[in-house]
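Next come the chains, spelled out residue by residue.
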Amino acid sequence: SSTSNFKRILQLPRLFFRKPTEAESVHGGPPLEFERPIPQIPWRGITVVVVLIVITAASAWEFYCRSIGYGPTLNDNEDLWTITRQRVTPESVVIIGDSRGWYDLDLDELQKGLGKRPVQLAMGGGCGYPVLADLADDKTFHGTIICSFVPRLFFAPPGTPPMERGEKAVRRSHTQTPAQRASQYLAMPLEEHVAFLKQQELTLDELLKRLPIPNRPGALVPPRGPPYFGTLDRERRARMIEECARPGSELQKRIQQIWLPLFTPPPPPTYIPKDVFMAKMKDAIEKRFRDTVAAVEKLRARGGKVVFVRLPVSGGLKALEDKTTPRNQTWDPLLQGTGAPGIYFEDFPELTGFNCPEWSHLSAGDSVEFSKRLVPHLRIALQM
């Protein structure tokens, strides 16, 4: 838009502009407009001081974040997921599902055993169904899907955080703009070297959510998510940090106690009768079963393959999952309905000896060994 005449049109007060002197306003000369005066102050010195303050403040914040256990790593956001999704070729091996597929499956070992390097599309705290449905709707894709299955997440109803996380990632893969893509590429070098760039935890909004606000009538505080305990690279490979894997560490104990409320079913809302609420939940789960069957059949019709994998879980979290989402009500109906092969870690002695330090994920070293032992079972399930 043109701004050539903005001073005259806006009729700004004389307070903001200097009146021309008599010498400047000579008779017959060109008309002069009021000009805004620039104060005669040491701009260079002010610039140097501001830059030093910013550098000092940023360095102090970085030092503090590292002192409380944070380290440089990429943020797992929709744009990074989209960039990875765009690497999927028609015959790719793709990992989808939750964070156990993220941490427990080593891409190097799977590449050695399967002959192709998998594309990592699993996500922390995410439901794998939206990604499964997206790949099923992609008519060019007829590759192999390894789906990590955690019942509480895979059968998460619409509107819940796990489902929304998967839906947002898929939506961004179809709507990502060049600016968003460029922004992600520019952000990655910084995130790989600066610890405080944790958008999921160290933003003001997230820090405010950590305030110890107790439950009160009409307002229940949702359970908190786990703190930083893993790194992520450009292939979206997740690795548990040493502090979390160290036996008996405070971080490990803290995360163990966080999983229990997160995986405990919330009480029905008070404004809905319990029987009505339970009926709606049952309908939502049954619909997810039907939709999953339809997606698997669609992939199979194009020559694609799907294998479901139940990855290790330990301690109190395993006891809770076995109680609230028993195998005969989740895993068995899933395989029966889809006709897809499945690998349940408890069915094979060589896969059962792994302990999850914080009850839900394998350490970096164990993920390599576990993947090496898992490969023969994958080859059998996929008829390779």
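Predicted model only: the values in this text are computed from it and were never measured.

Undergrad: For this particular structure, what's the right way to read the overall build of the protein chain?
TA: Scanning the protein chain from N- to C-terminus turns up 17 helices and 7 strands. Taking the contacts inside the protein chain whose residues are at least 6 apart along the sequence as the reference set, 76% of them involve residues at least 24 apart. Of the roughly 21,400 Å² of accessible surface on the protein chain, a fraction of 60% belongs to carbon and sulfur atoms.

Undergrad: Would you explain the packing of aromatic side chains in this entry?
TA: The way to describe two aromatic rings as a pair is by their centre distance and the angle between their planes. This model, assessed by the stated rule, comprises 15 aromatic pairs. Ring geometry for Trp61 versus Tyr64: centroids 5.6 Å apart, planes at 20°, classification stacked. On the criterion of helical spacing, the pair formed by Trp61 and Tyr64 is a turn pair, its members being 3 residues apart in helix 2 (residues 43–67). Taking the centre distance of 5.3 Å and the plane angle of 80° together, the rings of Trp331 and Tyr344 count as edge-to-face. With Trp331 in helix 15 (residues 331–338) and Tyr344 in strand 7 (residues 342–344), the pair connects residues that are 13 residues apart, well separated along the chain. Per residue, the accessibility class of Trp331 equals that of Tyr344, and both read buried.

Undergrad: Help me understand helix 15 in this model?
TA: Residue pairs spaced three or four apart in an α-helix point in one direction, given the helix's 3.6 residues per turn. Buried within helix 15 are the following residues: Trp331, Leu334, Leu335 and Thr338. End-on view of helix 15: buried residues confined to an arc of 90°, all on one side of the axis. The inward-facing, buried residues of helix 15 contact helix 13 (274–301), strand 6 (305–310) and strand 7.

Undergrad: What's the story with the sheet that holds strand 6 in this structure? I'm lost.
TA: Whenever strands of a sheet pair, they do so through backbone hydrogen bonds, lying parallel or antiparallel. The 5 strands lie next to each other as 2-1-3-6-7, forming an open sheet whose pairing is parallel. Pairing within the sheet leaves two strands with one partner each, and these edge strands are strand 2 (119–120) and strand 7. Here 4 bridges tie strand 1 (residues 93–96) to strand 3 (residues 144–148), and the two strands are oriented parallel to one another. Paired with Ile96 across the two strands is Cys147, which belongs to strand 3.

Undergrad: Is there a simple way to explain the environment of Cys244 in this structure?
TA: Along the chain, Cys244 falls in helix 11 (residues 242–245). Overall, Cys244 belongs to the buried group, its relative accessible area being 0%. Along the chain, Cys244 and Ile255 lie 11 residues apart, while their C-alpha atoms are 8.6 Å from each other. Aside from chain neighbours lying at most four places away, what touches Cys244 is Phe229, Ser249, Leu251, Gln252, Ile255, Pro357 and Glu358.

Undergrad: How should the nonpolar core be read in this particular structure?
TA: It is characteristic of soluble globular proteins that their nonpolar side chains tend to be buried jointly. Within the largest apolar cluster, 82 residues are counted, with the highest numbers of intra-cluster contacts made by Ile96, Ile145, Ile146, Phe308 and Leu378. Looking at this core element by element, the count peaks at 6 residues for helix 6 (residues 129–137). Among all residues touching Ile96, those that are not within four sequence positions of it are Leu121, Ala122, Gly128, Val131, Leu132, Leu135, Ile145, Ile146, Cys147 and Ser148.

Undergrad: Where do I start with the packing of helix 3 (residues 78–85) against helix 9 (residues 178–191) in this structure?
TA: Packed helices, taken two at a time, are described by their axes: the angle between them and the distance between them. Between helix 3 and helix 9, the least distance of the axes is 9 Å, while the angle of their chain directions is 100°. The angle between the axes of helix 3 and helix 9 places the two elements in the roughly perpendicular class. Packed against helix 3, whose contacting residues are Asp79, Leu80 and Ile83, the element helix 9 presents Gln180, Arg181, Gln184, Tyr185 and Met188 at the interface. In terms of residue class, the contact of helix 3 with helix 9 is built from 4 nonpolar, 2 polar and 2 charged.

Undergrad: When you look at the pairing of strand 6 in this model, what are you seeing that I'm missing?
TA: Of all 6 residues making up strand 6, 5 are buried, and the element is well covered by its neighbours. Bridge count for strand 3 against strand 6 is 5 bridges, and the pairing is parallel. By the bridge assignment, Cys147 is partnered in strand 6 with Phe308.

Undergrad: Is there a simple way to think about the pattern of salt bridges in this case?
TA: Side chains carrying opposite charge are able to pair once their charged atoms draw close together. Per the counting criterion, the structure on display carries 24 salt bridges. Linking Lys287 and Asp291 is a salt bridge whose minimum nitrogen-to-oxygen distance equals 2.8 Å. Here Asp291 and Lys287 lie together in helix 13, a separation of 4 residues that amounts to about one turn. Asp347 is paired through a salt bridge with Arg327; the nearest N and O atoms lie 2.7 Å apart. Of this pair, Asp347 sits in the loop between strand 7 and helix 16 (349–352) while Arg327 sits in the loop between helix 14 (315–324) and helix 15, and the two are 20 residues apart along the sequence. Each of Asp108, Arg117, Asp233, Glu235 and Arg237 takes part in salt bridges that share partners, so that together they form one network.

Undergrad: How do you make sense of the environment of Gly248 when you look at a structure like this?
TA: With respect to the element layout, Gly248 can be found in the loop between helix 11 and helix 12 (250–262). With 110 residues separating them along the chain, Gly248 and Glu358 place their C-alpha atoms 9.6 Å apart.

Definitions and limits used
Once a new chain begins, its residue numbering starts again from 1 and follows that chain's sequence as written. Residue-level local features of this predicted model are given only where pLDDT is at least 70; pairs of side-chain atoms are given and counted only at 80 or more, and the full residue set underlies all totals for whole chains, interfaces and linings. Excluding hydrogens and water, the side-chain figures rest on all heavy atoms present in the structure. Here a strand is any run of E in DSSP of at least two residues, a helix any run of H or I of at least four, and the numbering for each starts at the N terminus. The contact rule is simple, with two residues in contact once any of their heavy atoms fall within 4.5 Å. Each accessible area value is a Shrake-Rupley result obtained with a 1.4 Å probe; residue values ignore everything except the protein chains displayed when judging cover. Pairing of aromatic rings covers Phe, Tyr and the six-membered ring of Trp, with a centre-to-centre limit of 6.5 Å; geometry is then stacked below 30 degrees between planes, edge-to-face above 60, and tilted otherwise. Only protein chains enter the accessibility calculation, which uses a 1.4 Å probe. A residue is then buried if its area is under 20% of the maximum for its type, exposed if over 50%, and partly exposed in between. By construction, the arc corresponds to the directions joining the helix axis to the C-beta atoms. Pairing between strands is defined by DSSP: at least two bridges between them are needed. Put simply, a nonpolar core is a bunch of buried Ala, Val, Leu, Ile, Met, Phe, Trp, Tyr and Cys residues held in one set by side-chain atoms that sit within 4.5 Å of each other. Fitting a line to C-alpha atoms yields each axis, with helices limited to the stretch in contact; the angle taken between N-to-C directions then spans 0 to 180 degrees. In these notes the angle categories are as follows: under 35 degrees is roughly parallel, over 145 is roughly antiparallel, 65 to 115 is roughly perpendicular, and the rest is oblique. Under this grouping Gly is polar, as are all residues other than the nonpolar Ala, Val, Leu, Ile, Met, Phe, Trp, Tyr, Cys and Pro and the charged Asp, Glu, Lys and Arg. Salt bridge, as applied in this entry: a Lys or Arg side-chain nitrogen positioned within 4 Å of an Asp or Glu carboxyl oxygen.

Remember, this is a structural readout, not a statement about activity or role.
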